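Chain by chain, the residues:
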Amino acid sequence: KAKSEGRSTYHFFEPGMDAELQQRRSIEAGLRLAIERDELRLMFQPLLALEENRVTCVEALLRWDHDDRTISPVEFIPVAEETGLIVPIGEWVLQEACRTAASWPGDVRVAVNLSPVQFRNKDLVGQVKAALSEAGLAPTRLELEITESLILSDSESTIAALHELRGMGVRISMDDFGTGYSSLSYLRSFPFDKIKIDRSFMRDIATRSDSQAIIKAVIGLGQSLGMTTTVEGIETEEQLAMVREHGVSEIQGFLFSPPLKPKALANMLHSEAVKGQAKRRAS
Ligand code: C2E
Ligand code: MG
Ligand code: MG
Ligand code: MG
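Everything quoted here is computed from the prediction, not taken from an experiment.

Draft legend 1. Structural context of the overall build of the chain. For the chain, the helix and strand inventory stands at 13 helices and nine strands. Computed over the C-alpha atoms, the radius of gyration of the chain is 21 Å, within 12% of the 19 Å expected from 2.2 N^0.38 for a compact globule of 283 residues. Its C-alpha atoms give the chain principal-axis dimensions of roughly 80 × 40 × 40 Å. Taking all 283 residues of the chain together, 46% fall into the buried category. In the chain, of all internal contacts separated by at least 6 residues, the share reaching a separation of at least 24 is 66%. As displayed, the chain offers around 14800 Å² of accessible surface, 52% of which is attributable to carbon and sulfur atoms. Of the side-chain charges in the chain, 33 are positive and 41 negative, and the distance between the mean point of each set is 3 Å.

Shown next, in the form of structure tokens:
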């Protein structure tokens, strides 16, 4: 019976292939076609710089519209990394993010997440340069977010690529700080511009005084190393008040804004810019 329903059905019940593997196979098959089928898109989450009280940076976050649902990057990025598909996908993200940011006010930067796998590709720096020049975006308007796992692979070519990018004027941020195993030593291996404290520290801030102590310490550490600090996952006024008191430079979270569609984000930035001009005229 299984055979008459066709090969794929037959394969589906192959013994030893568990549900998780099936799921991965199906994500992989779909992902291979995602770019040409135009199923990838970016959402944009604005970050609020507290001192200036305005948006100076916006993070590009990838979405995949597939089979009537939107698949989260948490689900498909790991598969994209294992299969190497993250290289063409990541290149598309860079191009699309730079293109979009080119239409924003000139004092707003775009932040793009990079996978460690993209650094194994020899031409990452070339990809970044091409994306910037095709979009006509100044390198100083691009931030690249990398995670601790990148520095874990600590190869000389990775560090060299980071230095070359930084030499062009691109900023480098350490993302999800505090989730790895030896975060502090990473800060010595490369001079980051920004530390983004992982949102897991925000989650239990109200109930755990140790989370609060850690956030306070990391903000102080960033300040003394000349790095700006961002706290992710700010969802309540209490959390905002607390990190403000500790002197954090920038916040990201649903309280200020969730990730937005490109149009809504552009509208927000332009109305902010108009407000800013009015304020300057009035003063
Ligand atoms: P991330 O880089 O740490 O991005 C922040 C994530 O936190 C985003 O999830 C964002 O929607 C979410 N977030 C922001 N504010 C809040 C909040 O107040 N509360 C809560 N609960 N969540 C908040 P998202 O978009 O699902 O992305 C998840 C992760 O996927 C990202 O974490 C990043 O590691 C990865 N990712 C997303 N886009 C890309 C990409 O283009 N390339 C690569 N390599 N990774 C990406
Ligand atoms: Mg990020
Ligand atoms: Mg992050
Ligand atoms: Mg995170």
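Now that the structure is up, let's keep going.
Draft legend 2. Broad picture of the environment of L114. In this structure, L114 sits in the loop between β4 (109-113) and α5 (116-120). Residues L114 and G136, spaced 22 residues apart in sequence, show a C-alpha to C-alpha distance of 21 Å. Among residues more than four places away in sequence, those in contact with L114 are F119, L124, L144, E145 and I146.

Draft legend 3. Structural context of the pattern of salt bridges. Within the structure shown, the criterion is met by 14 salt bridges. The salt bridge partner of E28 is R32, with a shortest N-O separation of 2.9 Å. In this pair, E28 and R32 both sit in helix α2 (residues 19-34), four residues apart, roughly one turn of the helix. The class for E28 is partly exposed, based on a relative accessible area of 23%.

Draft legend 4. A look at the coordination of the magnesium ion (ligand 3). Protein ligation of the magnesium ion (ligand 3) involves D175 (OD), D176 (OD) and E232 (OE), the donor distances falling in the range 1.7 to 2.7 Å. One chain supplies every donor for the magnesium ion (ligand 3), spaced along it as D-D-x55-E. A separation of 3.5 Å is found between the magnesium ion (ligand 3) and the magnesium ion (ligand 2), both of which receive a donor from D175. With D176 in strand β6 (residues 171-177) and E232 in the loop between β8 (228-231) and α12 (237-245), the pair connects residues that are 56 residues apart, well separated along the chain. We classify E232 as buried; its relative accessible area is 9%.

Draft legend 5. Representation of the side chain of H246 within the structure. Relative to the helices and strands, H246 resides in the loop between α12 and β9 (250-251). Note on H246: relative accessible area 16%, which makes it buried. The contacts of H246, once residues within four sequence positions are left out, are Q212, K216, I219 and Q223.

Draft legend 6. Representation of the packing of helix α4 (residues 86-101) against helix α6 (residues 124-135). Relative orientation of the contacting elements α4 and α6 amounts to 30°, with a least axis distance of 8 Å. As far as their axial angle goes, α6 and α4 are roughly parallel. For the pair α4 and α6, the crossing hand works out as right-handed. Two secondary-structure elements touch here, α4 through V87, E91, L94, Q95, C98 and R99 and α6 through Q127, V128, A131, L132, E134 and A135. Looking at the contact of α4 with α6 residue by residue, the class counts come to seven nonpolar, two polar and three charged.

Draft legend 7. Up close: the nonpolar core. Ranked by internal contacts, the top residues of the largest apolar core, which has 75 residues, are L144 and I215. Tallying contributions element by element places α4 first for this core, with nine residues. In this structure L144 touches L94, V112, L114, V128, L165, V170, R171, I172 and S173, once residues within four positions along its chain are discounted.

Draft legend 8. Representation of the side chain of K196 within the structure. Relative to the helices and strands, K196 resides in strand β7 (residues 194-197). In contact with K196, other than residues within four places in its own chain, are L47, E59, E145, M174, D175, D176, F177, T230, E232 and Q252.

Draft legend 9. Inspection of the site of ligand 1 at higher detail. In the vicinity of ligand 1, 22 residues are found, and the nearest of them are R63, D175, R199, E235 and F254. E59 is positioned with one of its side-chain polar atoms (N or O) 3.0 Å from an oxygen atom of ligand 1. R63 is positioned such that a nitrogen or oxygen atom in its side chain is 2.8 Å from an oxygen atom of ligand 1. Compared with its free state, where it exposes 810 Å², ligand 1 has 84% of that area covered by protein. Broken down by secondary-structure element, the contributors of at least two residues to the shell around ligand 1 are β2 (54-66), α3 (73-83) and β6. The element that contributes the greatest number of residues to the shell around ligand 1 is β2, accounting for four residues. Class assignment for the residues of the shell around ligand 1 results in nine nonpolar, five polar and eight charged.

Draft legend 10. Highlighting unusual backbone geometry. Positive phi outside glycine occurs at D38, with the angle close to 65°. Tracing the sequence through the fold places D38 in the loop between α2 and β1 (40-49). According to the relative accessible area criterion, D38 is exposed, its value standing at 63%. Of note, N53 is a non-glycine position whose phi angle comes to about 55°, a positive value.

How each quantity is defined
Residues numbered from 1 in each chain as written. Chains lettered and ligands numbered in written order. Predicted model: local features only at pLDDT ≥ 70, side-chain atom pairs only at ≥ 80, totals over all residues. Heavy atoms only, no water. Helix = DSSP H or I, 4+ residues; strand = E, 2+ residues; numbered from the N terminus. Rg over C-alpha atoms; globule rule 2.2 N^0.38 Å. Buried < 20%, exposed > 50% of the residue type's maximum accessible area, 1.4 Å probe, protein only. Contact = heavy atoms within 4.5 Å. Areas by Shrake-Rupley, 256 points an atom, 1.4 Å probe, with all protein chains shown as cover. Lys, Arg positive; Asp, Glu negative; His and termini not counted. Charge placed at Lys NZ, Arg CZ, Asp CG, Glu CD. Salt bridge = Lys/Arg side-chain N within 4 Å of Asp/Glu carboxyl O. Donors = N, O, S within 2.8 Å, 3.2 Å for Na, K, Ca; no water. Axes fitted to C-alpha atoms, helices over the stretch in contact; angles between N-to-C directions. Parallel < 35°, antiparallel > 145°, perpendicular 65-115°, else oblique. Left-handed = near helix turned anticlockwise from the far one by under 90°. Nonpolar A, V, L, I, M, F, W, Y, C, P; charged D, E, K, R; others polar. Core = buried A, V, L, I, M, F, W, Y, C linked by side-chain atoms within 4.5 Å. Near = heavy atom within 4 Å. Polar contact = N/O pair within 3.5 Å; in protein donor to acceptor, adjacent residues only side chain to side chain.

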